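So the chains spell out like this:
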Amino acid sequence: GDFVHRGLHGLELQLRDLDTMNQTLLKKRRKISGSSASLHRGDSDGELGSLVDDEEEDDAGEFLELRVLEAVGLVAEGGRRLRGFAELNHAALYKILKKHDKVLGSKVGLGELLPALVADTRLGEISRFESLDEELRRLSLLSSQTEGLNASAEVARLAAGLGSKSTGMGPNGARNTELVLSFFLGCSTSLFLCIGVLLALPETSPKSFSTAYFLTSMPVFRVCFSVLLSLWCMGAVARICDTVNINHMFILNVDPRCRVTPEFFFSRAALLTTIWILVFGMYVVDYKWRVVSPIWSDQGFNQRSSVHFVFYPVFLMLLTLLGMIWPSRICRTRYKASVLRAVARTASAPLHPVDFSDNIVGDILTSLAKPLQDVPAAICYLASPHPQPLKEVVRFTLKGDTCTEMTHHVVLPIIAGLPYLFRGLQCLRRYQDTRDRRHLWNCGKYCACLAVVIVSSVWYDNFQLIVVVSTVATVYAGIWDIFIDWGLGPRELLHWRSGQDCVRRLDSRTGSFPASCPKVDAPAHHDRHFPPRVYLLCCILDLVARSTWVLSLMPITIISRNVVGRVVLVSIISSVEIFRRSMWAILRIEHEQVANASGFRALLWVPSKLHVGERWPPVADKHVVHYEPVSSSAKPMCADASELF
């Protein structure tokens, strides 16, 4: 009964917040309507600019309205589950006391104990849930998305295009998904090891075997591998955010009607991974052991060269593109187009205000500098003569690809530097809009990274200068990641709690906590979602990965002259940077949610997420100390009890 009471109290607190949000949105709609009416009356020529701004706010407010409506639906689902929990306990209490009377041959259980216990626990008071349902119905019909509708909160949610009441698969479905995913990753790892064994085995006709000729197609394979690795990492970021209750969809301002889940990314990534392993494995076997007879070898580098070797990377490239653009009922075309629009907004940063999703997209582009540099190299390989003549093989041996000097000295530095230029311009626009000097310091970080590109491209023979500039950029970016983007300090990194965490209940009569729980200094930092050891490990990994990240901005010929070493090194540093950026994104989104660190949101409100797949009754997060009131008159100090649902 105490659990049900606290749950209802938490749901009522959330409804109060949602009601406030609805009233704010209603005032904003009235303001926009008033501006529009003033413009039509011709009250002022200056109203046009105000109307444009209001229309932009209205477009942004539509997603917020949908988020509020979705939150109302989640509260309704929590209320239904809580009611089911109360009814289940009511029925269990009846059956236990009935068995008690049957065994003892008395009527005390059902006649005296049951009414007293039901009255004491208030398990039979259905009116509380009916009042909650009525309030949910009222709130769901206040939205402009449900204008003219007179139905329940669930019907209003469906009418707004927000899908069914839950997207969870339940504990069994989630467990099966984890098993399938683990099995696939294990098989893929084994197959990658098999490819490594194939590469190490001796080839037929060693005299005609050319390592350089074999590796000329690697830029195409690396581009495809970067795509599938990015999909794996996107799915991992979404899965971790869902697991630790980080509402990344809300923070990134994704359309609330979007139902793209981590499973979508995992399924596409698994398909492309299977294709990549199959095609690359066939390419290795075919070239090393001459499975298919050479075609037009007299026009190529030597007698082993053949025109058909280009078909493997071409086939893989086409299948990868097809896998990316293939229509899906989950990830619809408008969602894919929104990603392209986000990239376009990032590229035109000074011309419009910057939101958090633009910020994230810009930072992701900086991490894709080396994979993006593989795109011209892949185009050069595909556009070159096939089979590869001696001139192309020699160029690959010297430069690491088959591109011209123009591409190396102009195109590749531009590709490496543009993302940092975009982010620097975003920072300047943020400074213009907010007058916060922190954005100027952030712009300085990207200028330091841009300096690495310029110095390594223009003064590529000055090794000492490259080392100095790279060190400054690495230290600058690493410090910014930890202390600004992640908001970490000594408390988060060094505060280790002894013993097991527990749910601490504030006693409203004494104003103190029970001695059975570990002492916590203050509740201000309890909204972080990971334990200190995770933050400390991420800081170490970020600094180490930053060291390889700087290498991705330099021409690879500065680092290594060995053709095999160059291919391996580029593949490693590109993959490490994608992993590092994924780790960075999780902690960056988490910090933005708990602190509104960059001030992108006018309100700190973030809708809670409903974890349908969790066991019932739920248990407290082992990494977070929750503060819950014992008495109904006690005001919660932190997250309300509805987060348990």
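Everything numeric here is computed off the predicted structure, so don't read it as measured data.

A.B. asks: Hey, could you run me through the layout of surface pockets in this one?
C.D. replies: Picture a little ball the size of a water molecule; that probe, rolled over the atoms, points out where space is still empty. Taken as a whole, the second largest pocket encloses approximately 710 Å³ of empty space. The element best represented in the lining of the second largest pocket is helix H22 (residues 563-595), accounting for eight residues. For the lining of the second largest pocket, a count of residues per class yields 17 nonpolar, five polar and two charged.

A.B. asks: What's the story with a positive patch on the surface in this structure? I'm lost.
C.D. replies: Taken together, the side chains of Lys-95, Lys-98, Lys-99 and Lys-102 make up a positively charged region of the molecular surface. Mapped onto the fold, Lys-102 is located in helix H2 (residues 47-104).

A.B. asks: How should I be thinking about the nonpolar core in this particular structure?
C.D. replies: Soluble, globular proteins show a tendency: their nonpolar side chains are buried together. Counting 45 residues, the largest nonpolar core has Phe-221, Trp-276, Phe-280 and Tyr-283 as its most contacted members. With 14 residues, the top contributor of residues to this core is helix H10 (residues 262-289). Not counting residues within four places of it along the chain, the set of residues in contact with Tyr-283 comprises Tyr-213, Phe-214, Ser-217, Met-218, Phe-221, Phe-309 and Tyr-312. Counting 23 residues, the second largest nonpolar core, distinct from the first, contains Ile-482, Leu-488, Tyr-535 and Ile-589.

A.B. asks: Whenever I open this one, the packing of helix H8 (residues 218-243) against helix H14 (residues 369-383) confuses me. Can you help?
C.D. replies: The angle between the axes and the distance between the axes are what describe a pair of packed helices. Two elements in contact, H8 and H14, have axes separated by 8 Å at closest approach and are oriented at 140 degrees. One way to sum up the angle between H8 and H14 is to call them oblique. Note on packing geometry: the crossing formed by H8 with H14 is left-handed. For the pair H8 and H14, contact is made by Pro-219, Val-220, Arg-222, Val-223 and Ser-226 and by Pro-371, Asp-374, Val-375, Ala-377, Ala-378, Tyr-381 and Leu-382, respectively. A per-class count over the contact of H8 with H14 returns nine nonpolar, one polar and two charged.

A.B. asks: Looking at this model, I keep getting lost on the environment of Ala-153. Mind explaining?
C.D. replies: Locating Ala-153 in the fold gives a position in helix H5 (residues 153-159). Counting along the chain gives 19 residues from Ala-153 to Glu-134, while the straight-line C-alpha distance between them is 9.2 Å. In this structure, Ala-153 is in contact with Val-72, Ala-76, Leu-136 and Ser-140, ignoring residues within four places of it in sequence.

A.B. asks: Help me understand the pattern of salt bridges, please; the structure alone is not making it clear to me.
C.D. replies: Counting across every chain of the model gives 24 salt bridges. The partner of Arg-345 in a salt bridge is Asp-355, with the nearest N and O atoms 4.0 Å apart. Pair noted here: Arg-345 is in helix H12 (residues 333-347) and Asp-355 is in the loop between H12 and helix H13 (356-367), with a separation of ten residues, a long-range link. For Glu-592, the salt bridge goes to Arg-588, with nearest N and O atoms at 3.1 Å. Separated by four residues within a single helix, Glu-592 and Arg-588 lie in helix H22, roughly one turn from each other. With respect to class, Glu-592 is no different from Arg-588; both count as buried. Each member of the salt-bridge network shares a partner with another, and the members are Asp-481, Asp-542, Arg-546, Glu-577 and Arg-580.

A.B. asks: Would you mind showing me how to read the packing of H8 against H22 here?
C.D. replies: Relative orientation of the contacting elements H8 and H22 amounts to 20 degrees, with a least axis distance of 10 Å. Judged by the inter-axis angle, H8 sits roughly parallel to H22. Where H8 crosses over H22, the two elements pack in a sense that is right-handed. Between H8 and H22, the residues in contact are Met-218, Arg-222, Phe-225, Ser-226, Leu-229, Ser-230, Cys-233, Val-237 and Ile-240 and Val-567, Val-570, Ser-571, Ser-575, Ile-578, Phe-579, Ser-582 and Ile-586, respectively. A per-class count over the contact of H8 with H22 returns eleven nonpolar, five polar and one charged.

A.B. asks: Looking at this model, I keep getting lost on the packing of aromatic side chains. Mind explaining?
C.D. replies: How two aromatic rings sit relative to each other is set out by the distance from centre to centre and by the angle between their planes. By the definition in use, this model includes 21 aromatic pairs. On the basis of an interplanar angle of 35 degrees and a centroid distance of 5.6 Å, the ring pair of Phe-214 and Tyr-287 is categorised as tilted. Note that Phe-214 is positioned in helix H7 (residues 211-215) and Tyr-287 in helix H10, a separation of 73 residues in sequence. Taken as a pair, Phe-214 and Tyr-287 share a single burial class, namely buried. Measuring from ring centre to ring centre gives 5.0 Å for Phe-221 and Phe-280, while their planes differ by 75 degrees; the resulting arrangement is edge-to-face.

A.B. asks: Where do I start with helix H16 (residues 405-434) in this structure?
C.D. replies: It helps to recall that an α-helix has 3.6 residues per turn; residues three or four apart then point in one direction. Between the first and last C-alpha of H16 there are 43 Å, a value that for 30 residues agrees with the 44 Å anticipated at 1.5 Å per step. Maximum bend of H16: about 35 degrees, positioned at Gly-417, with proline Pro-419 one to four residues after it. Arg-435 occupies a position one or two residues after H16 and carries a positive phi of about 60 degrees.

A.B. asks: Explain helix H18 (residues 463-485) to me, please; I cannot follow it from the model alone.
C.D. replies: An ideal rise of 1.5 Å per residue puts 33 Å on 23 residues; H18 measures up with 31 Å between its terminal C-alpha atoms. Directly after H18, the chain includes Gly-487, whose backbone phi takes a positive value near 65 degrees.

A.B. asks: Is there a simple way to think about the confidence of the model for the chain in this case?
C.D. replies: Close inspection of predicted coordinates is inappropriate in any region flagged by low pLDDT. In this model, the chain carries a mean pLDDT of 79, and residues with pLDDT of at least 70 account for 77%. Predicted confidence is poor over residues 43-56, with pLDDT under 50, and the contacts of this stretch with residues over four places away or in other chains come to twelve contacts. Scored below 50 in pLDDT, residues 610-645 shows 90 contacts in the model against residues more than four places distant or in partner chains.

A.B. asks: Even after reading the chapter, I still don't get the state of the cysteines, so can you show me in this structure?
C.D. replies: Disulfides are covalent bonds that connect the sulfur atoms of two cysteines. Scanning the model with the defined rule gives one disulfide in all. Bridging Cys-380 to Cys-403, the disulfide has an S-S length of 2.4 Å. Classification of the bridge connecting Cys-380 and Cys-403 rests on its S-S torsion, roughly 110 degrees, and on that basis the disulfide is right-handed. Taken together, the residues span a long stretch of sequence, with Cys-380 in helix H14 and Cys-403 in the loop between helix H15 (390-399) and H16 at a distance of 23 residues. Both residues of the pair, Cys-380 and Cys-403, belong to the buried class. The cysteine Cys-427 is free of any disulfide, with Cys-443 supplying the nearest cysteine sulfur at 5.6 Å. A relative accessible area of 1% places Cys-427 in the buried class. Here Cys-539 stays free of any disulfide, with the sulfur of Cys-538 as its closest cysteine sulfur at 7.1 Å. The class of Cys-539 is buried, set by a relative accessible area of 6%.

A.B. asks: Honestly, unusual backbone geometry in this entry has me stumped. Any pointers?
C.D. replies: Glycine aside, residues mostly have negative phi, and peptide bonds are mostly found in the trans state. In the segment running from His-386 into Pro-387, the intervening peptide bond is cis, with an omega of 0 degrees. Tracing the sequence through the fold places Pro-387 in the loop between H14 and H15. Although it is not a glycine, Ser-205 sits at a positive phi angle of roughly 50 degrees. Tracing the chain through its elements places Ser-205 in the loop between helix H6 (170-200) and H7. The partly exposed category is assigned to Ser-205, whose relative accessible area is 34%.

What counts as what
- Residues numbered from 1 in each chain as written.
- Predicted model: local features only at pLDDT ≥ 70, side-chain atom pairs only at ≥ 80, totals over all residues.
- Heavy atoms only, no water.
- 1 Å grid on protein atoms, 1.4 Å probe; cavity = no way out; pocket = protein on both sides within 12 Å on 5 of 7 lines; lining within 4 Å.
- Points joined across faces, edges and corners; volume = space filled by probe spheres on them.
- Helix = DSSP H or I, 4+ residues; strand = E, 2+ residues; numbered from the N terminus.
- Nonpolar A, V, L, I, M, F, W, Y, C, P; charged D, E, K, R; others polar.
- Patch = residues over 30% accessible without salt bridge, like charges linked within 9 Å, V, L, I, M, F, W, Y side chains within 5 Å.
- Areas by Shrake-Rupley, 256 points an atom, 1.4 Å probe, with all protein chains shown as cover.
- Salt bridge = Lys/Arg side-chain N within 4 Å of Asp/Glu carboxyl O.
- Lys, Arg positive; Asp, Glu negative; His and termini not counted.
- Charge placed at Lys NZ, Arg CZ, Asp CG, Glu CD.
- Core = buried A, V, L, I, M, F, W, Y, C linked by side-chain atoms within 4.5 Å.
- Buried < 20%, exposed > 50% of the residue type's maximum accessible area, 1.4 Å probe, protein only.
- Contact = heavy atoms within 4.5 Å.
- Axes fitted to C-alpha atoms, helices over the stretch in contact; angles between N-to-C directions.
- Parallel < 35°, antiparallel > 145°, perpendicular 65-115°, else oblique.
- Left-handed = near helix turned anticlockwise from the far one by under 90°.
- Phe/Tyr/Trp six-rings, centres within 6.5 Å; stacked < 30°, edge-to-face > 60°.
- Expected span 1.5 Å × (residues − 1).
- Bend = angle between axes of the 7 residues up to and from the residue.
- pLDDT = per-residue confidence, 0-100.
- Disulfide = S-S within 2.5 Å.

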